[in-house]
4 protein chains.
Amino acid sequence: MAQRESVPSMTESVGSGDGSGDVIGRLQEELRVFARARDWEQYHTPRNLAALIASEAGELLALFRWDQEALADRPEDVRHELADVFLGVLRFADATGVDLEEAATEKLRLNAQRYPLGIAGGPDR
Amino acid sequence: MAQRESVPSMTESVGSGDGSGDVIGRLQEELRVFARARDWEQYHTPRNLAALIASEAGELLALFRWDQEALADRPEDVRHELADVFLGVLRFADATGVDLEEAATEKLRLNAQRYPLGIAGGPDR
Amino acid sequence: MAQRESVPSMTESVGSGDGSGDVIGRLQEELRVFARARDWEQYHTPRNLAALIASEAGELLALFRWDQEALADRPEDVRHELADVFLGVLRFADATGVDLEEAATEKLRLNAQRYPLGIAGGPDR
Amino acid sequence: MAQRESVPSMTESVGSGDGSGDVIGRLQEELRVFARARDWEQYHTPRNLAALIASEAGELLALFRWDQEALADRPEDVRHELADVFLGVLRFADATGVDLEEAATEKLRLNAQRYPLGIAGGPDR
């Protein structure tokens, strides 16, 4: 995962996976290379990245402000804003050493305990 | 990805992957099974999920409200709130048919065009 | 921009106070007139307005994403985004019958109990 | 709840207005006294306060996550979260020297230009 000498181009590195699947790890590496090449790692503190995620999530939500229709009207904007939140989450996890798969699996287990099957009630409030 | 007869338990389905890697797809299936088993799919409209993501992102940010220290002080809370945002993003993508890997790769390309190497300037404002 | 007959004009109503001070009430009336004249009151449900406030807050935060400098660089943007959040709060309170002065005063009292003077500790996390 | 000696009590200062109306100024003074008495002014940078507002807005939104009913079910929580956002806005404006009344009035004028009467179309997206 080390990066050496010349900075690989974003485009090249995009295709560098073997297709077998560690999408999260590959995207995180891209983000790392991207940040390092621009000397932006200094800005990627946990707090800055939490603020980034929250502001990107605010932009995604803004597309749905008054109605349900943003997806039909502006699918590209929705895709891009969603991707921004997703990339923010990947970068945060990478910068802080959180294993996203583990953390998500653990949270799913906690949710299953919190909302057991067969118990009446709506979703998490 | 098909779901069969009896709803698989969360715990069982967690281990059902072959380990080769489609983490995103596996987690999305878990979320789908979880929602379906509780009859919550009706709530998972794009707009509701955008609001969920924004409120989870607000909770993550709240951990970093005044300083940089949340990670050291409360690593479990950070992991869980990050996982909540991540799971919200996965569910949104699944419910709306967005391919997260494609969307993220496309966004990385756009970012590389927007912030070319060797040009002075801070990160995205 | 002119509004005729029964609907008071925005501009006129701006100046209609007696200067003695109910700024909140005057702005809320402006917002109400504005929404009614465009038949937008139907959209101003508590949930929609909560989503509006969160997305406006996300936009304000986006100005401060990486550093402290937005205020010096883009004071007009900061003013406008702050005003958007403020107006969202005023509209929410008006639409739901919350007395903002009372609610804020009550919250200040609760905060004073929660963070008594002379006790060590940082601000609310 | 009373605080004595040199620090003015929150309760006393609440009642110190002449009742004629500068609610915003009075609440801002309370917040300033509160922060100063706890030596918290150092934390109240524009960026920290923007993050506070966004996280409080996320908490308000969380109450409305899946449905419209939070107001009926949990009116106290809604009041308190709304008050938290409101107080954050007041503190931000005070710490940065933004005149909220002016900024809001200006934004209302811009909105009236942007959404003239008699033009078809939904609310701001």
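Residues numbered from 1 in each chain as written. Chains lettered and ligands numbered in written order. Predicted model: local features only at pLDDT ≥ 70, side-chain atom pairs only at ≥ 80, totals over all residues. Heavy atoms only, no water.

1. A word on the interface of chain C and chain D
For clarity, the cut-off: Only heavy atoms enter the contact rule, under which two residues are in contact if any of them lie within 4.5 Å. Put simply, buried area is the surface a 1.4 Å probe can reach on two separate parts but cannot reach once they are joined, added for both. Salt bridges, as used here, are contacts in which a Lys or Arg side-chain nitrogen is within 4 Å of a carboxyl oxygen on Asp or Glu. N or O atoms within 3.5 Å of each other form a polar contact, as long as, within protein, one can give a hydrogen and the other can take it, and as long as residues adjacent in sequence are counted only when both atoms are side-chain atoms. Where helices and strands are cited, they refer to DSSP runs of H or I of at least four residues and of E of at least two residues respectively, numbered from the N terminus. Any residue outside Ala, Val, Leu, Ile, Met, Phe, Trp, Tyr, Cys, Pro, Asp, Glu, Lys and Arg is labelled polar, Gly included; the first ten of those are nonpolar and the last four are charged.
Taken together, the 71 residues of chain C in the interface contact 72 residues of chain D. Buried surface at the junction of chain C and chain D, summed over both partners, amounts to about 6,300 Å²; 73% is from carbon and sulfur atoms. Where D84(D) meets K107(C), a salt bridge forms, and the shortest distance between an N and an O atom there is 2.8 Å. Inspection of the chain C/chain D interface yields 15 residue pairs in polar contact (both at pLDDT 80 or more). Put simply, the parts of the chain that give the side of chain C that touches chain D at least two residues each are α1 (10-14), α2 (23-37), α3 (46-62), α5 (75-96) and α6 (100-114) of chain C. Broken down by class, the residue content of the side of chain C that touches chain D amounts to 43 nonpolar, 13 polar and 15 charged.

2. Observations regarding the side chain of D84(B)
Heads up, the rule is: Exposure categories follow from relative accessible area, calculated using a 1.4 Å probe and restricted to protein chains: below 20% of the type maximum is buried, above 50% is exposed, and the middle band is partly exposed.
Inspection of the secondary structure puts D84(B) in helix α5 (residues 75-96). Take D84(B): its relative accessible area is 13%, and that puts it in the buried class. The contact partners of D84(B), leaving out residues within four places of it in the chain, are K107(A) and E56(B).

3. Thoughts on helix α2 (residues 23-37) of chain A
Residues and elements named next belong to chain A. Filter applied, for reference: How far a helix is expected to stretch is found by multiplying one less than its residue total by 1.5 Å.
With 15 residues, α2 should cover 21 Å at 1.5 Å per step; its first-to-last C-alpha distance of 21 Å lies within 8% of that length. Counting buried positions over the 15 residues of α2 gives 11, a clear majority of the element. Every buried residue of α2 is listed here: V23, I24, R26, L27, Q28, E30, L31, R32, V33, F34 and A35.

4. What to know about the relation of the copies chain C and chain D
We count it as follows: The copies are overlaid by a least-squares fit using only the C-alpha atoms of residues whose pLDDT is at least 70 in both copies.
Once chain C is rotated about the relating axis by 180 degrees and shifted along it by 0.0 Å, it coincides with chain D to within an RMSD of 0.0 Å. What the superposition gives is, in effect, a two-fold axis relating one chain to the other.

5. Examining the pattern of salt bridges
Following the criterion strictly, the structure yields 44 salt bridges over all chains and no others. The salt bridge involving R79(C) is made with E106(D); its shortest N-O contact spans 2.3 Å. Of the two residues, R79(C) sits in helix α5 while E106(D) sits in helix α6 (residues 100-114), which places them in two different chains. Residue classification places E106(D) among the partly exposed residues on the basis of a relative accessible area of 27%.

6. Overview of the packing of helix α3 (residues 46-62) of chain B against α3(C)
As a reminder of what qualifies: The axes used here are C-alpha line fits, helices contributing only the stretch in contact, and every angle between their N-to-C directions lies in the interval 0 to 180 degrees. The labels follow the angle: roughly parallel below 35 degrees, roughly antiparallel above 145, roughly perpendicular from 65 to 115, and oblique for the rest. Left-handed describes a crossing whose near helix is turned anticlockwise from the far helix by less than a right angle; the clockwise case is right-handed.
In the contact formed by α3(B) and α3(C), the axes pass within 11 Å of each other and the chain directions differ by 50 degrees. By the angle between their axes, α3(B) is oblique relative to α3(C). Remark: the crossing between α3(B) and α3(C) carries left-handed chirality. Contacts between α3(B) and α3(C) involve R47(B), N48(B), A51(B) and L61(B) from the former and R47(C), N48(C), A51(C) and L61(C) from the latter.

7. Focus: the packing of helix α2 (residues 23-37) of chain D against helix α5 (residues 75-96) of chain D
All names here are of chain D. The contact between α2 and α5 brings their axes to 9 Å, and the two run at 80 degrees. The orientation of α2 relative to α5 falls into the category roughly perpendicular. Packed against α2, whose contacting residues are I24, L27, Q28, L31, R32 and A35, the element α5 presents F86, L87, L90, R91, A93 and D94 at the interface. For the contact of α2 with α5, a count of residues per class yields 8 nonpolar, 1 polar and 3 charged.

8. Describing α6(D)
Residue pairs three or four apart in sequence face the same way in an α-helix, which turns once every 3.6 residues. For α6(D), spanning 15 residues, the distance from its first C-alpha to its last is 21 Å, which sits close to the expected 21 Å at 1.5 Å a residue. Taken together, the buried positions of α6(D) are occupied by L100(D), A103(D), A104(D), T105(D), K107(D), L108(D), N111(D) and A112(D).

9. Describing the packing of aromatic side chains
Applied cut-off: Note on aromatic pairs: the rings of Phe, Tyr and Trp (six-membered ring only in Trp) are paired at centre separations within 6.5 Å, and the planes decide the class, stacked below 30 degrees, edge-to-face beyond 60, tilted for the rest. Charge-over-ring placement is defined geometrically: NZ (Lys) or CZ (Arg) within 6 Å of the ring centre, and within 35 degrees of the ring normal.
According to the stated counting rule, one finds 14 aromatic pairs over all chains in the structure shown. Measuring from ring centre to ring centre gives 5.8 Å for F34(D) and W40(D), while their planes differ by 70 degrees; the resulting arrangement is edge-to-face. Its relative accessible area of 7% is what places F34(D) among the buried residues. Among the residues examined, W40(D) registers a relative accessible area of 7% and is labelled buried. Three or more aromatic residues joined by ring pairs form one cluster here, namely F34(A), W40(A) and Y115(B). The positively charged end of R38(A) is found above the aromatic ring belonging to F34(A), 3.7 Å away from the centroid.

10. Here we look at the confidence of the model for chain A
Residues and elements named next belong to chain A. The condition that has to hold: Summary of the metric used: pLDDT quantifies the predictor's per-residue confidence within the range 0 to 100.
Mean pLDDT for chain A: 82, with 76% of residues reaching 70 or above. Taken element by element, the predicted model of chain A shows its lowest mean pLDDT in helix α1 (residues 10-14) (39) and its highest in helix α5 (residues 75-96) (97). The low-confidence segment residues 1-20 (pLDDT under 50) makes 22 contacts with residues lying over four places distant or belonging to another chain. Both scores are available for the predicted complex, with the pTM at 0.81 and the ipTM at 0.81.

11. As for the environment of L71(B)
By the secondary structure assignment, L71(B) is in helix α4 (residues 70-73). The contacts of L71(B), once residues within four sequence positions are left out, are P46(A), T96(A), F64(B) and V78(B).

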